[in-house]
Amino acid sequence: MAANCLNSEMWKSWERQGKTEYIKQVKQLVKNDENSSLLFSKNIKNQGLTRFIYELIWHGINGPLRKEAAAATIGELVNLHKEMSSIILDVVGIIDAETAIAENNTEERQRFCFIVKESEKYLSDKLLKERLEIDTLQDVGTLKNRSFYTKFIKVKTKLYYKQRKFNLFREESEGYAKLITELNQEICGSITPKYILEVIKSLIGCFNLDPNRVLDIILESFECRPDQYQFFIPLLQSYMCDPKILCEVLGFKYSFYQANPEEPTPESLYIVTALMLQHEVILLDDIYCWLTPHDSVIQKMWEDEMSAAQEYVRKLNIISTKDKDKEEPVEEKETLQDNFCTNQKFGLCDALLKVGNWSHAEQLTRKLPDHCVMDQAPVAKSLCQLLHSTIEPVYRKNCGLSSKVMGQPVPLPTNPLAPRPAVAFLDLRKDAIPMLLALGPSLHHDPVLMYKVLRLSKAALAQCGADPMMPAPQGDTLYLDIVTLLDEVILPSLAHMDCNCCIAEEVWNVIKQYPYQIRYCLYSRWKNETYQQYAKLLRKRGESLKKIKSIMKRVSKENIKPAGRLIGKLTHSTPGFLFDYVLLQIQIYDNLIGPVVDSLKYLTSLSYDVLGYCLVESMASADRACFKYDGTSISAWLQSLSKFCGAIFKKYNIELTGLLQYVANQLKSQKSLDLLILKEIVQKMAGIEAAEEMTPEQLDAMAGGELLKAEAGYFSQVRNTKKSSQRLKEALGEQNLAVALCLLMAQQRYCVVYRETENSHLKLVGKLYDQCQDTLVQFGTFLASSLSVEEYTTKLPSIHSMLADYHIHTDVAFFLARPMFTNAINLKFDALRKADPNCKKMSAQVRYQKYVEASAEVMGPVVESIRPLHPPKVWEDISPQFLVTFWSLTMYDLHVPVESYQKEIAKIKALQAMDKDAAAGGKGKKEQERYTALVEKLEEERKKQQEHVEKVMARLKQEKDSWFLSRSAKSAKNETITQFLQRCIFPRCIFTSTDAVYCAKFVHTIHSLKTANFSTLLCYDRLFCDITYTVTSCTENEANRYGRFLCAMLETVMKWHADDVTFNKECANYPGFVTKFRVCNQFSEADDHVGFENYRHVCHKWHYKITKALVVCLDSKDYVQIRNSLIILIKILPHFPVLPKLVQIIEKKIDKVRDEEKSQRQDLFILATSYSGHLKAKSSSMIKESDFHQVPDKTSKVQEAAQKAEVSGQHAAAPKPANGEVIKTDKERSSERHAAEKTKEVSKESKEKKNTSRQVDSSGAKSVPSKSTSTTNTSENKRESGQSKERNDKDKGKESYESKEKLSKKEERREEADKERRAKEKKEEKAMREERIYREDQRFMDRGSKEDRYAVGNSGTMSGGDRYYDRGGGGTYSSGGGYHHRGEPDDPHDREDISSLSNSSTGSATGGSHRRSSQEPPEVERDAKRRKMEAVSSSKSTKSDERKAAAMEVPSSSSSAMEKPEKKERSSSKAGKEKNRGEKLGAPAMSSDMGEEREPRKERKVARKRDRAEEAILLAEKRRKEEEKVAAKLQSHQNGDPMDQHGRDKHHYTSSNRVSPMEKSPYVRERERSHDRDGRDKHRRSSEAKRR
């Protein structure tokens, strides 16, 4: 405002109008404040007034205003207001200072002095001398005496610094004495502060007392009687109203003690100061600056103490290499507590708390480092005492103690300014809770107060309805406040309280009201963060760690109790980090698990809960690898920790919910590794083992009731698991984890393979999958046994929901739902039975019928819900009812383990007899009663199961006719078996060991029930001929189960093989052994069944197939294949191998594996060594091949081959017959006709042998029927042909020899006449045949690779010995409905893999067991016409036609296979073996009337016979050469030389060659195909025409 008014124009025109305007504005400023003080007013206008005066004087000094005018104007201003002179002199003083310090200021200084001198006329002389400096007064001329300054100094010195003898002259001691007497007299009603103040004034005036000393005496009196604060505080307020002066006096007192460190500051001074602060006589900030030490010093001291504590802990963890005697002890520095006496700020805080001044104490603590003040014991105790009085009323109401228990009363604070005592829980939030939070860990100084706080917290939680299973209570409660107290006060305080288990239990009573999530958060902060904030706790932690390390070094089985007591004492106060160290030791040394578990019995409930948290934290720690360095197995620390979890949770009542939820969360994250924990917990707590290595006796016992399972089904006796099992059940129910874990594990099984272990080793993938599978089965078994049926049914989703909504596979879904089905059926059965009026007299058949009705009613909806889950094509072969029946039953439903019951009863009786002597005592008598009751229970359980099995069998008998649909013969024999294996057998046989046995039992049950449209023989054949890739795809545990399944199947097979009586009783007339199925008629004639000897040949083939498949796996170099094959060999050892030659082959491969893996993969070496030892031990029980099945005579075959060579005129050595080959003929109706037919068959078979000798055997292990269909006439002809051949087989022995002799004589006579013509054509025909054979071989290879369904391996099939067994064992179904054993071609690969078998089948079949039956209908009319047309054609046209036909047949192989079933059904194995009609299963013979319809021309017959004889000679030579090569290879292999790789060029892939799926397949399934018969006929007939 002044700047706006005082412009330059005003000063220039001062004389004219400037002065008038200036005076006017000043008057305006003064006018508003006429009645008020201009000096002390805070009005902004006063600032403008001083600015006006300042500008006036400065313009008078510097111009343009004249100095005389400026002085005159000042005179006018003085008259405007009474205080204007003072304001003008204030401004003059400022300008005086400015001009005095300015350089070159002579002129300005003179003008200034002139203005001041002129102003003396208007300003008083006294005021000028008061305000201006002495030098200025002298310059102006006001002070004319030049020695005035000296005189002033002398006066000032005399006044202020010269000591006067007050006591002697001016002051009198009597005055101070009277003052002290007045202040310390008894305070009564008449003695008031006002009265004493008047007395003090009188004494000061009378005795001339110093007021400051009087104030000091008043404070001294106050110190002596601080309880009289109500008197002294008003007195001080009245005597001295300036708080700063009071603080100065107090500060002087504090300074006196600071200068004398030996004399501590008295507590009374702190109390007086605290009371004055409480009553606001002084301010904290005013007195705080007088206190020592400085804040920075305190901060530095606190940091030094933390550093010292950290260094102390660090040194404790250092392992010294010095001698213990020379080792220097750890020095500890003094703490802040030692400096309490010298720290006035701590003392003042203590005093503030003692007088109840919490607000100022809180302000003081905030000025210093956190927790620094309360870390001092006196301060903490004072706050505890204040808290006692604050919570006393509410505590007495809610302490929960009996009225008879009289606690020590706490006096309430008398100071009205102290915190108000809390009456209700919410009142605690105002003062008590902030006090407790400020107190922190120092609460341990007052355990009684800690008890009170805990009891109040418990009562407050109970009042608000806190429940760990429910959400946090709503509303204004102390629920969360108590959590904060637990975190920052109670748990840290507990860490200071050594060996106080009682208070630890009180803490648990409060903390258990919270859910585990909150508790675990508290434990985490307590263990990991709290100790880092307090130096004392840090030292405490170091000392405790030192003690626990010392204890853990000495823990053993011998000192469990002493060590347990020491561990318990330590863990009462500091459990968290101690358990971390204990768990670390357990992870390193797993032999400590047992002693540590036993030694933890002295822990408190709080310690057990902290242990549960520490286990979860250890599992979840991400800084450790969960797998070993090789990445193929789980780390040892995790396994040890899992075992410890199982043991500790079983023995002690520790809450499981947190750990179970952790496992569930890991599964949600697609991590299954921690299922190992769940597996151990269920095994230990529920007594349910997940062991795969069960003995056969245990497996048999597992088919019984629950009591038998408990007594004989497990390795360890299930004892004392009732309580722990109940605890586990409750823990699962708290968070609804039971169903969640089941479903998550079921879904995780496939996440293990496809997501969790994408980059992991295959061995690890298998282990994790097995762990997930085993835990799922174990957990599901526990739920089924522990939950009531109602709970189980309510919690688990329906079977349809599991399959459709949760996408769980059938095996798991039915495993979980099976108990629900059983219970529902039993309840329904009981309801139907009770509804019958004759229920008490009901017969067994009626009961069975009721059970069937109950089953149908319960399972009906399940069947309907299953139907839409599979494609409609599935239900064309098997019914949904069969699928549900198979998956819903168990071994308990099919088999009563009578032997297991008898053994267990006998064992119990033996124990009873042994303990009979001790029965005299009470304990022995109870034991005898227990034995008796157990025997009775087992007997009752056996009878109950026997009745149940009978009911189930009645149900199965009624359902069996609708299981397999007879939509076609093909389906009944092949697709049905495929669906059965795919949907039922394979998924379940690898689910559990009991399921593996169940699958074998169920197949036997289907067979025993004489189920329609089910071929038992084909089912066994498909199982045994197709195991290589099943073995390859199994995990380790699945291989164990699959081995058990094969063992159970082989047990049944070998039982039937061992005794013809058993075979005839159980198989002879059963539909499962029928070889011809007709759609129109389910029943067959007796001749359609497999005979006993044929069955024995099939068994031999199955053993051979199993050997071949396992040898392929052993040679694969792949870890999984070798391991699984060894496991399966061990499992099936009781029934395989039983033939010496197979044993030799397997032994060689096992020895090879041992040599290769001895220094590489030790687990494979151990497995191979174990199996080798078992196999050698079994060598004495081997079966000779002649005892296993009928073996043919070799001499007859050799003589026959030699006779053929002589007849043909060849002088070569007699050829060696092919392995197991014997040529047989049909019965002759006439000698000529029979001879012609025989010759023709010999010729055909010789050509087929020659062709197929070069082909690779691509047949699969499974016998798959031809997919082609044929006309009705073809089917009928083939059936007639088969029946005719079977009738002729009866006389095969006698007629065989006669037909051979007649044939040889006729051939001799005709040979001479045609010898010359044959010699000319020999070379040409040989070349043509070789070309055709090569072309057919290539076409067959192409067709086999395209049509094979199961081509998935890297090996071929069998060697020469397989020629017979593929015909005699493997089977396929023709379009006519007959079951034919299919031949399989030779493969060089088999000669190397199973080299020993090349000679094993030489004598493996009888004389009539090798005939190749004609699987082709006669087609008489077409054959006759074709022969007439071909007889006319020339040899040249014949050659060209053959080439064209061969070229056209290659692309049309698939279509011709559909149109001509006889081509597919023709075996592609080594032809030339004639099949035995008696031993060949259902092989249809060539019709007897076929010879009558053949061409009767004699010349043509003679020509064909000559051709056949010639081909027989060529075939014999070729066979001899091949056998020499095989013998050479076998010789080199037996000597240990590497095998010749000549035969593997097309069948084994190398780094540079890729292979087709057929070449990779270890068991490629061969489709039946026929050779180009027409081509041979054309060539034969063209040759005849040429000769003519």
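All values derive from a computational prediction rather than experimental measurement.

Draft legend 1. Seen up close, the overall build of the protein chain. Along the protein chain, the regular secondary structure elements total 74 helices and 2 strands. Considering the protein chain as a whole, with its 1588 residues, one finds that 56% of them fall into the buried category. Sequence-distant contacts in the protein chain: of pairs separated by 6 or more residues, those separated by 24 or more amount to 80%. Carbon and sulfur atoms form 52% of the exposed surface of the protein chain, whose accessible area is close to 71,900 Å².

Draft legend 2. Representation of unusual backbone geometry in the model. At the junction of Thr 292 and Pro 293, the peptide bond is cis and its omega measures out at -5 degrees in the coordinates. Mapped onto the elements, Pro 293 comes out in the loop between helix 18 (284-288) and helix 19 (295-316). Look at the link from Phe 1136 to Pro 1137: it is a cis peptide, with omega at -5 degrees. You can see Pro 1137 is positioned in the loop between helix 56 (1119-1131) and helix 57 (1140-1157). Positioned with a positive phi, Cys 499 is a non-glycine residue whose angle comes to about 60 degrees. The residue Cys 499 is located in the loop between helix 25 (479-494) and helix 26 (501-511) in this model.

Draft legend 3. Fine view of the state of the cysteines. If you walk through the whole model with that rule in mind, you get 0 disulfides. With no disulfide of its own, Cys 772 lies 8.8 Å from the sulfur of Cys 751, the closest cysteine sulfur. With no disulfide of its own, Cys 984 lies closest to Cys 999 among cysteine sulfurs, the gap being 8.5 Å. The class of Cys 984 is buried, set by a relative accessible area of 0%.

Draft legend 4. Focus on helix 22 (residues 377-398). Of all bends in helix 22, the biggest is about 55 degrees, found at Glu 392, and the proline Pro 393 comes one to four residues later. With its phi angle positive at about 80 degrees, Gly 400 sits one or two positions after the end of helix 22.

Draft legend 5. Quick look at helix 51 (residues 1016-1024). By the criterion of burial, helix 51 is predominantly enclosed, with 9 of the 9 residues buried. Taken as a whole, helix 51 has its buried residues at Thr 1016, Leu 1017, Leu 1018, Cys 1019, Tyr 1020, Asp 1021, Arg 1022, Leu 1023 and Phe 1024.

Draft legend 6. Region of the structure containing the confidence of the model for the protein chain. Predicted confidence across the protein chain gives a mean pLDDT of 75, with 70% of residues reaching 70 or more. Scored below 50 in pLDDT, residues 324-337 shows 17 contacts in the model against residues more than four places distant or in partner chains. For the stretch residues 1077-1086, pLDDT sits under 50, and the model shows 19 contacts to residues farther than four places along the chain or on other chains.

Draft legend 7. A look at the pattern of salt bridges. According to the stated counting rule, one finds 53 salt bridges in the structure shown. Between Lys 354 and Asp 350 there is a salt bridge whose closest N-O contact spans 3.5 Å. Of this pair, Lys 354 and Asp 350 both sit in helix 20 (residues 344-354), 4 residues apart, which is roughly one turn of the helix. Under the relative-accessibility criterion, Asp 350 is labelled buried at 7%. Each of Asp 216, Glu 220, Glu 223 and Lys 253 takes part in salt bridges that share partners, so that together they form one network.

Draft legend 8. Up close: a positive patch on the surface. Taken together, the side chains of Lys 561, Arg 565, Lys 569 and Lys 601 make up a positively charged region of the molecular surface. Here Arg 565 falls in the partly exposed class, since its relative accessible area comes to 44%.

Draft legend 9. Representation of the packing of helix 22 against helix 24 (residues 447-464). Between helix 22 and helix 24, whose axes approach to 10 Å, the crossing angle comes to 40 degrees. Here helix 22 lies oblique to helix 24, going by the angle between them. In this structure, helix 22 crosses over helix 24, and the sense of that crossing is left-handed. Here Cys 384, Leu 387, His 388, Ile 391, Glu 392, Val 394, Tyr 395 and Asn 398 of helix 22 lie close against helix 24, whose contacting residues are Val 448, Leu 449, Lys 452, Arg 455, Leu 456 and Ala 459. Looking at side-chain class alone, the contact of helix 22 with helix 24 contains 9 nonpolar, 2 polar and 3 charged residues.

Draft legend 10. Focus on a nonpolar patch on the surface. Together, Tyr 149, Phe 152 and Ile 153 give the surface a local cluster of nonpolar side chains, amounting to about 290 Å² of exposed area. Summarising the element assignment, Phe 152 is placed in helix 10 (residues 148-160).

Draft legend 11. Here's a closer look at the nonpolar core. Counting 329 residues, the largest nonpolar core has Met 276, Phe 644, Phe 980 and Phe 1045 as the members making the most contacts within it. Beyond its immediate stretch of four places on either side in the chain, Phe 980 contacts Phe 882, Phe 886, Ile 985, Phe 1002, Val 1003, Ile 1006, Phe 1014 and Cys 1019. Of all hydrophobic cores here, the second largest spans 41 residues; its members include Leu 49, Ile 61, Val 92 and Ile 115.

Draft legend 12. Region of the structure containing the packing of aromatic side chains. Counted according to the given criterion, the structure contains 47 aromatic pairs. Geometrically, the ring pair formed by Trp 1056 and Phe 1073 is edge-to-face, given 5.6 Å between the ring centres and 80 degrees between the ring planes. Here Trp 1056, found in helix 53 (residues 1036-1058), pairs with Phe 1073, found in the loop between helix 54 (1060-1066) and helix 55 (1092-1114); they are 17 residues apart in sequence, far enough to count as distant. For the pair formed by Trp 1056 and Phe 1073, the shared burial category is buried. Taken together, the aromatic side chains of Phe 814, Phe 821, Phe 882, Phe 886, Trp 887, Trp 963, Phe 964, Phe 980, Tyr 998, Phe 1002 and Phe 1014 make up a single cluster linked through ring pairs. Taking NZ or CZ as reference, Arg 539 lies 5.1 Å from the ring centre of Tyr 312, over its face. Directly above the ring of Tyr 531 sits Arg 541, whose terminal nitrogen or CZ lies 5.6 Å from the centroid.

Draft legend 13. Main features of the environment of Lys 723. Positionally, Lys 723 belongs in helix 38 (residues 722-734). For Lys 723 and Asn 653, which are 70 residues apart along the polypeptide, the C-alpha to C-alpha distance reads 9.5 Å.

Draft legend 14. The arrangement of the packing of helix 51 against helix 55 in detail. Remark: helix 51 packs on helix 55, axes separated minimally by 9 Å, with the N-to-C direction vectors making an angle of 20 degrees. Between helix 51 and helix 55, the crossing angle belongs to the class labelled roughly parallel. In this structure, helix 51 contributes Leu 1017, Tyr 1020, Asp 1021 and Phe 1024 to the contact, and helix 55 contributes Tyr 1095, Lys 1101, Trp 1102, Lys 1105 and Ile 1106. Looking at the contact of helix 51 with helix 55, its residues break down into 6 nonpolar, no polar and 3 charged.

Draft legend 15. Focus on the side chain of Arg 519. Along the chain, Arg 519 falls in helix 27 (residues 516-528). Here Arg 519 falls in the buried class, since its relative accessible area comes to 1%. At 2.9 Å, the side chain of Arg 519 and the backbone oxygen of Tyr 514 are in polar contact. Discounting chain neighbours no more than four positions away, the residues touching Arg 519 are Trp 508, Ile 511, Lys 512, Tyr 514, Asp 609 and Glu 655.

Quick notes on the rules
Per chain, the residues get numbers from 1 upward, laid out in the order the sequence is written. Totals for whole chains, interfaces and linings use all residues, but because this is a predicted model, local features are given only for residues with pLDDT of at least 70 and pairs of side-chain atoms are given and counted only at 80 or more. As a rule here, side-chain values come from all non-hydrogen atoms in the structure, and water together with hydrogens is ignored. Numbering goes from the N terminus for both helices and strands, where a helix is a DSSP run of H or I of at least four residues and a strand is a run of E of at least two. Exposure classes here rest on a 1.4 Å probe applied to the protein chains alone. A residue is buried below 20% of its type maximum, exposed above 50%, and partly exposed in between. Residues are treated as being in contact if the distance between any of their heavy atoms lies within 4.5 Å. Surface accessibility in these figures is a Shrake-Rupley result with a 1.4 Å probe; residues are shielded only by whichever protein chains are displayed. The criterion for a disulfide is a pair of cysteine sulfur atoms lying within 2.5 Å. Two axes define the bend at a residue: one fitted to the seven residues ending there, one fitted to the seven starting there, and the bend is the angle between them. Per-residue confidence from the predictor is given as pLDDT, running between 0 and 100. Note on definitions: salt bridges are taken to be side-chain nitrogens of Lys or Arg within 4 Å of carboxyl oxygens of Asp or Glu. Patch building starts from residues that exceed 30% relative accessible area and form no salt bridge, then joins like charges within 9 Å and nonpolar side chains (Val, Leu, Ile, Met, Phe, Trp, Tyr) within 5 Å. Charge assignment: positive for Lys and Arg, negative for Asp and Glu; neither His nor the chain ends contribute. Lys charges are placed at NZ, Arg charges at CZ, Asp charges at CG and Glu charges at CD. To get an axis, fit a line to the C-alpha atoms, keeping to the stretch in contact for a helix; angles then go from 0 to 180 degrees between the N-to-C directions. In these notes the angle categories are as follows: under 35 degrees is roughly parallel, over 145 is roughly antiparallel, 65 to 115 is roughly perpendicular, and the rest is oblique. Note on convention: near helix rotated counterclockwise from far helix by under a right angle means a left-handed crossing. Clockwise means right-handed. In this classification, Asp, Glu, Lys and Arg are treated as charged, Ala, Val, Leu, Ile, Met, Phe, Trp, Tyr, Cys and Pro as nonpolar, and every other residue, Gly included, as polar. Throughout, nonpolar core names a set of buried Ala, Val, Leu, Ile, Met, Phe, Trp, Tyr and Cys residues whose side chains join them through atoms within 4.5 Å. For Phe, Tyr and Trp, rings pair up if their centres lie within 6.5 Å, where Trp contributes its six-membered ring, and each pair is then called stacked (planes under 30 degrees apart), edge-to-face (over 60) or tilted (otherwise). The criterion for a charge sitting over a ring is simple: Lys NZ or Arg CZ within 6 Å of the ring centre, and within 35 degrees of the ring normal. The term polar contact refers here to a pair of N or O atoms within 3.5 Å; inside protein, the definition further demands a hydrogen-donor-capable atom paired with an acceptor-capable atom, and it admits residues adjacent in sequence only when both atoms are side-chain atoms.

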